[in-house]
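Structural features, examined
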Amino acid sequence: MSLNFQNRNGASANRVLLIVLLVVSLVMATVYSREGESGPLHAIQGAVGSISAPLKFVGASASSGMSDAQDALTDASADDATLSQLREQNAELRELVAQTEEYRQEVERLEGLLDLKESSGAEGIGGRIIGRNTDAWNQTVTIDVGTSSGVSTGLTVMGPNGVIGQVVSAQASSSTVRLLGDPRSGAAALIQSSRAEGVVRGSLDGLLYLENIDSDVQVSVGDVVLTSGLGGSYTRGLLIGTVVKIEGAQNDASRRIVVSPNDAATSLEEVLVVTSASESSSDSSSSSSSSSSQSKSSSSTGGAQ
């Protein structure tokens, strides 16, 4: 019985305390709203704020640190499957970049070959080099087109910068091309400016020599050398190279004329096997050669008179 009485007294005391606190709160709220910024309640609020500010800063820093630590922990705890996937994606991207660069370089090479084809008026069969034998005694390359594509022995082969050699054997799906630099190679040629005719031959030292040019013919560095078509070994009127060096003087029987090779065998990747050249190009070369011959004939006649 006394226990129940004590519970009732405790409950009554709690109600009284709650009412007193509510009354005090209302009074302080009323005073706070009516006093100015310099009032006692505002002063107390400022002091309490100053004391608690460092605690808030420490709490914010700790919260930020915890957040950063949590992010780092998340990154560090990435499972092996995720890391493996990222590595695969990175490898795929690198491979894609490499392939794109290969395509870009191939387009540039094919554009060069197409430009040469258009400028020379040549028609032919495109092919890729699939094998090389470039020792001094046997400078040949193997291409991936053969008789099934229309390639036959004796056809002229061009690279992006001009004539590089001639087909010496042809199989169904591949062919062997002897390069101009091969010591056994020989291409009937002429100097474009003077129309003087000779033969471009390879050598063991890797240089091309223009031989059988009359010693009295004036030859200058930079002269363009073309295929003459004599003997039918090479298509007429195609670029072989330019004169880069002359060993000896005019009228010197031992004079040697060095011609620049068009392309290094090691850098070639695509070629054009020439099946025909435009008649206009051949006609132009023929008329020029004819005019030169007539001029020489007239000079000879005049000298005889």
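Residues numbered from 1 in each chain as written. Predicted model: local features only at pLDDT ≥ 70, side-chain atom pairs only at ≥ 80, totals over all residues. Heavy atoms only, no water.

1. Description of the overall build of the protein
Counting its secondary structure elements, the protein contains four helices and twelve strands. In the protein, buried positions account for 28% of the 305 residues. A separation of at least 24 residues holds for 56% of the contacts in the protein among residues at least 6 apart in sequence. Carbon and sulfur atoms make up 56% of the accessible area of the protein, which totals about 18,500 Å². (Helix = DSSP H or I, 4+ residues; strand = E, 2+ residues; numbered from the N terminus. Buried < 20%, exposed > 50% of the residue type's maximum accessible area, 1.4 Å probe, protein only. Contact = heavy atoms within 4.5 Å. Areas by Shrake-Rupley, 256 points an atom, 1.4 Å probe, with all protein chains shown as cover.)

2. Focus: the pairing of strand 5 (residues 175–179)
Of the two faces of strand 5, only the one carrying S175, V177 and L179 is buried; T176 and R178 on the other face are not. Of the pairings in the sheet, the one linking strand 2 (residues 138–143) to strand 5 comprises four bridges and is antiparallel in character. Across the sheet, T142 pairs through a bridge with T176, a residue of strand 5. The antiparallel pairing of strand 4 (residues 162–170) with strand 5 creates a hairpin that spans four residues between the two strands. (Pairing = 2+ DSSP bridges.)

3. Observations concerning the nonpolar core
One finds L210, I213, V225 and I240 to be the most contacted residues of the largest nonpolar core, which totals 22 residues. Aside from chain neighbours lying at most four places away, what touches I213 is I191, A196, E197, G198, V219, R255 and I257. I129, I143, V177 and V273 belong to the second-largest nonpolar core, a separate cluster that totals 15 residues. (Core = buried A, V, L, I, M, F, W, Y, C linked by side-chain atoms within 4.5 Å.)

4. Points about the pattern of salt bridges
All chains considered together, the criterion is met by five salt bridges. One salt bridge in this structure joins K245 and E247, with 3.6 Å as the shortest N-O distance. When its relative accessible area of 27% is taken as the criterion, E247 is described as partly exposed. Connected via shared salt-bridge partners are R178, D182 and R184. (Salt bridge = Lys/Arg side-chain N within 4 Å of Asp/Glu carboxyl O.)

5. Side note on the confidence of the model for the protein
Looking at the protein as a whole, its pLDDT mean stands at 74, while 57% of the residues score no less than 70. Low pLDDT (under 50) marks residues 1–7, which in the prediction has zero contacts with non-local residues, meaning those over four places away or in another chain. (pLDDT = per-residue confidence, 0-100.)

6. Comments concerning the packing of aromatic side chains
Overall, the coordinates contain zero aromatic pairs when judged by the stated rule. The lysine or arginine in question, R256, covers the ring of Y209, its NZ or CZ lying 4.1 Å from the ring centre. (Phe/Tyr/Trp six-rings, centres within 6.5 Å; stacked < 30°, edge-to-face > 60°. Lys NZ or Arg CZ within 6 Å of the ring centre and 35° of its normal.)

7. Some remarks on the pairing of strand 6 (residues 186–191)
Within strand 6, five of the six residues are buried, which leaves the element mostly enclosed by the surrounding structure. With antiparallel pairing between neighbouring strands as the criterion, strand 6 and strand 7 (residues 197–201) make up a hairpin whose turn holds five residues, including R195 at a positive phi of roughly 65°. For strand 6 and strand 9 (residues 224–227), the ladder comprises three bridges, and the chain directions are antiparallel. Directly across from A189, in strand 9, lies its bridge partner T227.

8. A closer look at the sheet that holds strand 11 (residues 256–259)
Judged by pairing direction, the barrel is antiparallel, and its six strands sit side by side in the order 6-7-8-11-10-9 before closing back on the first. Strand-to-strand twist across the sheet, computed as the mean angle between neighbouring axes with direction ignored, equals 40°. Across four bridges, strand 10 (residues 239–247) lies against strand 11 in antiparallel orientation. Across the sheet, E247 pairs through a bridge with R256, a residue of strand 11. (Axes fitted to C-alpha atoms, helices over the stretch in contact; angles between N-to-C directions.)

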